[in-house]
Amino acid sequence: MSGTRTLVSPAVLARPRGRAVYWTVFTGVVLLFALAFLFPVCWMVTGAMKSPDEVARTPPDLLPDRWSTSGWTDAWELMQLPTHLWNTVVQAAGAWLFQLVFCTAAAYALSRLRPAFGNLILGGILATLMVPAQALVVPKYLVVADLPLVHTSLLNDPLAIWLPAVANAFNLYLLKRFFDQLPRDVLQAAEIDGAGRLRILWSIVLPMSRPVLGVVSIFALVAVWQDFLWPLMVFSDTDKQPIGVALVQLSQNVQLTVLIAAMVIASIPMVALFLVFQRHIIAGIGAGGTKG
């Protein structure tokens, strides 16, 4: 049975000099990658505490001459961040809930109920991943501007964000693949005990699917939080716009330090969400590649 081949052989790592060189190179590479990713974040945080002249200085300074929090308070008040953050939370939470309910139900039906023409339906859903998102903007706008059958407009309404978010082929496929890998013995034992389809979904499938549900939740929340074009089109009312659109709309009349502070505040919820749920995210991504 052949061993695993690596860039550095075990014989080299067994020597003190080889170990020292290996860990030096490894530490240097990790630090370089960390610096490349964290430097823009550090500059953005410190930039919010500089004066406008310091931000525009060439070459730029990493740390401000005088630390000031006026940019943060001005951003909170002048750019109406509480209102726009709440709008974003409402839109992201609704899109997350709709996706979790309808994508889970559709994936469970395609995976376990085996409907007629299920593979054909799944193929049609996955085919939408080949269509550029920009090509769907105009048809989606025409639909929400005059909803078929009921003939009502969803413009300036959170439903204009929630309903299109449900049609997420990637999340549906991710859930279906995970459901396909669940142990059949457990599900068959539940059927023998008299559990119906909905009871199996609620009591067995969903508890076993917490890792992938966490990943889908992160994808759903981040997609709405960072979206710009679609909310810009459907929310003409400034008071109902999410934070991403509002920052651009209000950036013309504020100082650069205030805008930088507003961007930092807008990014805090997503960073905090990742830090809290990073274990679930990693577990969910790994769960998609395992077989039950």
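Refer to the structure printed above.
Just so it is clear, the model here is predicted, and its values are computed rather than measured.

Trainee: Tell me about the overall build of the protein chain, and name the residues and values.
Mentor: When you go through the protein chain residue by residue, the secondary structure sums to 15 helices and zero strands. Relative to the compact-globule value of 19 Å for 292 residues, the protein chain shows a C-alpha radius of gyration of 25 Å, a clear excess of over 25%. In terms of overall dimensions, the protein chain has C-alpha extents of about 75 × 70 × 35 Å along its principal axes. In the protein chain, which comprises 292 residues, the proportion classed as buried is 32%. Pairs at least 24 residues apart make up 71% of the contacts formed inside the protein chain by residues separated by at least 6 positions.

Trainee: Describe the packing of helix α5 (residues 81-113) against helix α14 (residues 243-250), listing the residues and the values that go with them.
Mentor: Look at α5 against α14: their axes get within 8 Å of each other, and the N-to-C directions meet at 145°. Contacts from Leu81, His84, Leu85 and Thr88 of α5 reach α14 at Ile243, Ala246, Leu247 and Leu250. Class assignment of the residues belonging to the contact of α5 with α14 gives a composition of six nonpolar, two polar and no charged.

Trainee: How would you sum up helix α4 (residues 70-78)? Please name residues and give values.
Mentor: Turning to α4, its buried residues number three or more, namely Gly71, Trp72 and Ala75. The buried residues of α4 occupy an angular sector of 100° when the element is viewed end-on, so they sit on one face. Set apart from the buried face of α4 by more than 90 degrees, the exposed residues are Glu77 and Leu78. Two residues or fewer past α4, Gln80 is found with a positive phi of approximately 50°.

Trainee: Account for the pattern of salt bridges, naming residues and giving values.
Mentor: The full count for this structure, using the stated rule, is two salt bridges. Across the pair Asp180 and Lys176 runs a salt bridge whose closest N-O atoms are separated by 2.8 Å. Of this pair, Asp180 and Lys176 both sit in helix α9 (residues 169-180), separated by four residues, roughly a single helical turn. Given the relative accessible area of 25%, Asp180 is considered partly exposed. A relative accessible area of 10% places Lys176 in the buried class.

Trainee: Could you give an account of unusual backbone geometry, naming the residues involved and the relevant values?
Mentor: One non-glycine residue, Gln80, adopts positive backbone phi at about 50°. The topology assignment puts Gln80 in the loop between α4 and α5. Although it is not a glycine, Leu149 adopts a positive phi angle of roughly 75°. Relative to the assigned elements, Leu149 resides in the loop between α7 (137-145) and α8 (159-166).

Trainee: An account of α8 is needed here, citing residue identities and associated values.
Mentor: Within the sequence span of α8, burial applies to Ala160, Ile161, Trp162 and Ala165. Those residues of α8 hidden inside the fold are in contact with α5, α7, α12 (210-226) and α13 (229-234).

Trainee: Could you give me a rundown of the environment of Arg114, with the residues and numbers involved?
Mentor: Tracing the chain through its elements places Arg114 in the loop between α5 and α6 (118-127). Residues in contact with Arg114, not counting those within four places in the same chain, are Ala109 and Arg184. Only 3.2 Å separates the side chain of Arg114 from the backbone oxygen of Ser111, close enough to count as a polar contact.

Trainee: Explain the packing of aromatic side chains residue by residue, including any values.
Mentor: As enumerated under the stated definition, the model contains five aromatic pairs in all. Seen from their ring centres, Phe98 and Trp162 are 5.7 Å apart, and the 35° between their planes marks the pair as tilted. Residue Phe98 is found in helix α5, and its partner Trp162 is found in helix α8; the two are separated by 64 residues along the sequence. With a relative accessible area of 22%, Phe98 lands in the partly exposed category. Linked through ring pairs, Phe98, Phe102 and Trp162 together constitute an aromatic cluster.

The rules behind these values
- Residues numbered from 1 in each chain as written.
- Predicted model: local features only at pLDDT ≥ 70, side-chain atom pairs only at ≥ 80, totals over all residues.
- Heavy atoms only, no water.
- Helix = DSSP H or I, 4+ residues; strand = E, 2+ residues; numbered from the N terminus.
- Rg over C-alpha atoms; globule rule 2.2 N^0.38 Å.
- Buried < 20%, exposed > 50% of the residue type's maximum accessible area, 1.4 Å probe, protein only.
- Contact = heavy atoms within 4.5 Å.
- Axes fitted to C-alpha atoms, helices over the stretch in contact; angles between N-to-C directions.
- Nonpolar A, V, L, I, M, F, W, Y, C, P; charged D, E, K, R; others polar.
- Arc of directions from axis to C-beta.
- Salt bridge = Lys/Arg side-chain N within 4 Å of Asp/Glu carboxyl O.
- Polar contact = N/O pair within 3.5 Å; in protein donor to acceptor, adjacent residues only side chain to side chain.
- Phe/Tyr/Trp six-rings, centres within 6.5 Å; stacked < 30°, edge-to-face > 60°.

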